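Commentary on secondary and tertiary structure
Here is how the chains run, residue by residue.
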Amino acid sequence: MRFAFYGRVSTEDQQDPEASRNWQRARAQALIERHGPITTEFFDVGQSRSIPWKRRPEAARLLREIREPARSFDAVVIGEPQRAFYGNQYGLTFPVFIHYRVGLWVPEVGGAVDPDSEAHDLVMSVFGGMSKGERNRIKIRVRSAMAAQASVEGRFLGGRPPYGYRLADAGPHPHPGKAAEGRRLRRLEPDQDTAPTVRRIFHEYLNGRGIFAIAEGLTRDGIPSPSAADPTRNRHRSGVAWSKGAVRVILSNPRYTGRQVWNKQRKEEVLLDVEDVALGHETKMRWNDRDAWVFSREIVHDPLVDLDTFERAQQVAAAQGRGRDTRERRRTRHRYVLRGLLRCGLCGRRMQGQQSRGVLFYRCRFPNEYGLANKVEHPRNVYLAERDLLGPLDDWLSRSFAPHRISDTVDALCAAQREKEEDPVETAAARLVGSATGRCVVTGRRWRLVPTRAWWPSGSRRPRRGALRHSAVPRRRERGGCGPARSFTRFSRRWETCGACWVRRT
């Protein structure tokens, strides 16, 4: 027999990839040495075990070659099932092996996995559960240890130092192995160039100045902003001026009181597609509630402001401008089709949505957000109407996707309205099920079209054809379609594609 070897090592395992590959392959070779050689190899490096096979580069290549009739192997051998399968991945992957008549050899079962053996299926499922449990135990141990180190020892646990501080040497690492490698601890110490700026911000804020006035004054005085003071860690920022957000972050950072803070953010695994759990998760950073933050018990570095000053600043911020001579802005929610997609051609920042006299605009107010006392060339306001963009966008979507779907959808809606159905949109969707399919223009894979919501003026019998609009841009799933139009019919449709391109999230 000819065998293909599959293995995996991730950065979270803290192992040398070459050493891990060698012992996994040696274990697999000892299992099949009397049955045949290993003719090809698939080894994933830096891939977490929680990532499904379709999203691992080498595992995905293995699955593609399994489908080839002229493949160079008859079976797949793995060195350790806990590294290959996580959770229910075995139940989602092994049926593909069975379909293409490719065997799976595992040392824990003493050879090939028998698809008809209940014991083999149970053993492999147990190893998948053990792999998931081991990852969770590692996560719990690491987080518990880091919480204790931050609370009891006040240790700096990594990340960029806050503005006003810099990293200093704190001695050798207490772990003997890491100390032998030359690793050393770090601590925060005040930066002589930026620490006075932090004290100035707190002083001016408590004396009645707003955050924008503070940002404008710092820019006017030529004081570098956080992104300009540390450009290597802020390559995504221009650093031309102070922003209101930078001032607000400094005023709310408890590290300036001399205590170490940890667990302000967490990594959260979010499903890529709720309708297809097999695609797995993606990791996103989320802010924790203040109650979940871990503070050091003692003051571990030189404070830039005392605790009373910091608490008074938080009370002023919690008042949200009450007691100051400021104007409250009323905020209303509107549905913007191109939300998060447009960027200003002058400064490169994302444009914001704003409604004016019933018309939706996208604006860039860079000088209003940053204190441009250094006279950066930028208009005070840059506006672009949404209705001027949707026309060309509709034409492009009609040509790129399915032009014949426009008339079919309108006809289905009109027929549902003539029959006085309680829910014309649901009836129209039922009539289009099965026929409203095509291929994604980005990846070439199958997609399906789902009508979501529709509106038309009261008393009107037929929607206007010219008012039909497509919406195939990324949008939060819970937001649904576009908002109701005032003077004409708007019909928003959701394009669901193969899940491998930007058109999927709509």
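Now for a look at the structure at hand. For clarity, every value in this text was computed on a predicted model and none was experimentally measured.

Thresholds applied
Residues numbered from 1 in each chain as written. Predicted model: local features only at pLDDT ≥ 70, side-chain atom pairs only at ≥ 80, totals over all residues. Heavy atoms only, no water. Core = buried A, V, L, I, M, F, W, Y, C linked by side-chain atoms within 4.5 Å. Buried < 20%, exposed > 50% of the residue type's maximum accessible area, 1.4 Å probe, protein only. Helix = DSSP H or I, 4+ residues; strand = E, 2+ residues; numbered from the N terminus. Contact = heavy atoms within 4.5 Å. Patch = residues over 30% accessible without salt bridge, like charges linked within 9 Å, V, L, I, M, F, W, Y side chains within 5 Å. Areas by Shrake-Rupley, 256 points an atom, 1.4 Å probe, with all protein chains shown as cover. Salt bridge = Lys/Arg side-chain N within 4 Å of Asp/Glu carboxyl O. Phe/Tyr/Trp six-rings, centres within 6.5 Å; stacked < 30°, edge-to-face > 60°. Axes fitted to C-alpha atoms, helices over the stretch in contact; angles between N-to-C directions. Parallel < 35°, antiparallel > 145°, perpendicular 65-115°, else oblique. Left-handed = near helix turned anticlockwise from the far one by under 90°. Nonpolar A, V, L, I, M, F, W, Y, C, P; charged D, E, K, R; others polar. Pairing = 2+ DSSP bridges. Arc of directions from axis to C-beta.

Let us now look at the nonpolar core. Formed by 23 residues in total, the largest nonpolar core has its most connected members in I201, F202, W242, V247, I250 and Y256. Of all the secondary-structure elements, those providing two or more residues to this core are helix 7 (195–206), helix 8 (211–220), helix 10 (244–251) and helix 11 (307–318). Examining the composition of this core, we find that five residues originate from one element, helix 7, more than from any other. Leave out the neighbours within four places in its chain, and F202 touches I250, L251, Y256, V305, T309, F310 and A313.

This part takes up a nonpolar patch on the surface. Together, L122, V126 and M130 give the surface a local cluster of nonpolar side chains, amounting to about 270 Å² of exposed area. Relative to the helices and strands, V126 resides in helix 5 (residues 118–153). Classification of V126 as partly exposed rests on a relative accessible area of 41%.

This paragraph deals with the packing of aromatic side chains. Taken as a whole and judged by the stated rule, the model has 13 aromatic pairs. Judged by centre distance (5.2 Å) and plane angle (15 degrees), the rings of Y90 and F94 are stacked. One end of the pair is Y90 and the other is F94, both in helix 4 (residues 89–99) and four residues apart, which spans about a single turn. For Y90, a relative accessible area of 4% translates into the label buried. A residue is classified by how much of its surface remains accessible, and F94, at 7% relative accessible area, is buried.

Viewed as axis vectors pointing N to C, helix 7 and helix 11 meet at an angle of 50 degrees, and their least axial separation amounts to 10 Å. Here helix 11 runs oblique to helix 7, going by the angle between their axes. The way helix 7 lies across helix 11 gives a crossing that is left-handed. Residues F202, Y205 and L206 of helix 7 form the contact with helix 11, whose participating residues are T309, F310, R312, A313, V316 and A317. Its residues assigned to classes, the contact of helix 7 with helix 11 shows seven nonpolar, one polar and one charged.

Here the focus is the sheet that holds strand 4 (residues 103–106). The strands making up a sheet associate through backbone hydrogen bonding, with each pair oriented either parallel or antiparallel. In spatial order, the strands read 2-1-3-4-5; together these five strands make up an open sheet with mixed pairing. For this open sheet the edge positions go to strand 2 (38–45) and strand 5 (111–112), each flanked by a neighbour on one side alone. As paired strands, strand 3 (residues 75–78) and strand 4 are joined by three bridges and run parallel to one another. Among the inter-strand pairings, V76 is bridged to a residue of strand 4, identified as L104.

What follows is about helix 10. Within the sequence span of helix 10, burial applies to K244, A246, V247, I250 and L251. In an axial view of helix 10, the angular spread of the buried residues amounts to 165 degrees, which keeps them on one side of the axis.

In space, the three strands of this open sheet follow the order 12-13-14, with antiparallel pairing throughout. The open sheet has two free edges, formed respectively by strand 12 (352–356) and strand 14 (382–385), since each of these has just one partner strand. Taken over all neighbouring pairs, the strand axes of this sheet differ in orientation by 35 degrees on average, direction set aside. By the bridge criterion, four bridges tie strand 13 (residues 359–364) to strand 14 in an arrangement that is antiparallel. Bridge pairing in strand 14 places C364 opposite V382.

Our next topic: the packing of helix 7 against helix 10. Geometry of a packed helix pair, given as the angle between the helix axes and the separation of the axes. At a closest axis distance of 10 Å, the pairing of helix 7 and helix 10 adopts a crossing angle of 90 degrees. Judged by the angle between their axes, helix 7 and helix 10 are roughly perpendicular. For the pair formed by helix 7 and helix 10, the contact residues are V198, I201, F202 and Y205 on the first element and V247, I250 and L251 on the second. When its residues are assigned to classes, the contact of helix 7 with helix 10 shows seven nonpolar, no polar and no charged.

This paragraph deals with the pairing of strand 1 (residues 3–9). With respect to burial, strand 1 is a largely interior element, seven of its seven residues being buried. The two faces of strand 1 match: F3, F5, G7 and V9 on one face and A4, Y6 and R8 on the other face are all buried. As defined by bridge partners, strand 1 adjoins strand 3 across four bridges and the pair is classed as parallel. Across the sheet, residue F3 finds its bridge partner in strand 3, namely A75. Relative to strand 2, strand 1 runs parallel, the two being bridged by seven bridges. Following the sheet pairing, V9 is matched in strand 2 by V45.

Taken as a whole, helix 2 (residues 57–66) has its buried residues at A59, A60, L62, L63 and I66. Projected down its long axis, helix 2 carries its buried residues within an arc of 155 degrees, all on one side.

This next bit is on unusual backbone geometry. Positive phi is not limited to glycine here, since R101 has a value of about 55 degrees. When you line up the elements, R101 lands in the loop between helix 4 and strand 4. Here the phi dihedral of N263 falls at roughly 75 degrees; this positive angle occurs in a residue that is not glycine. Mapping N263 onto the fold places it in the loop between strand 8 (261–262) and strand 9 (265–271). Relative accessible area serves as the criterion here: at 12%, N263 is assigned to the buried category.

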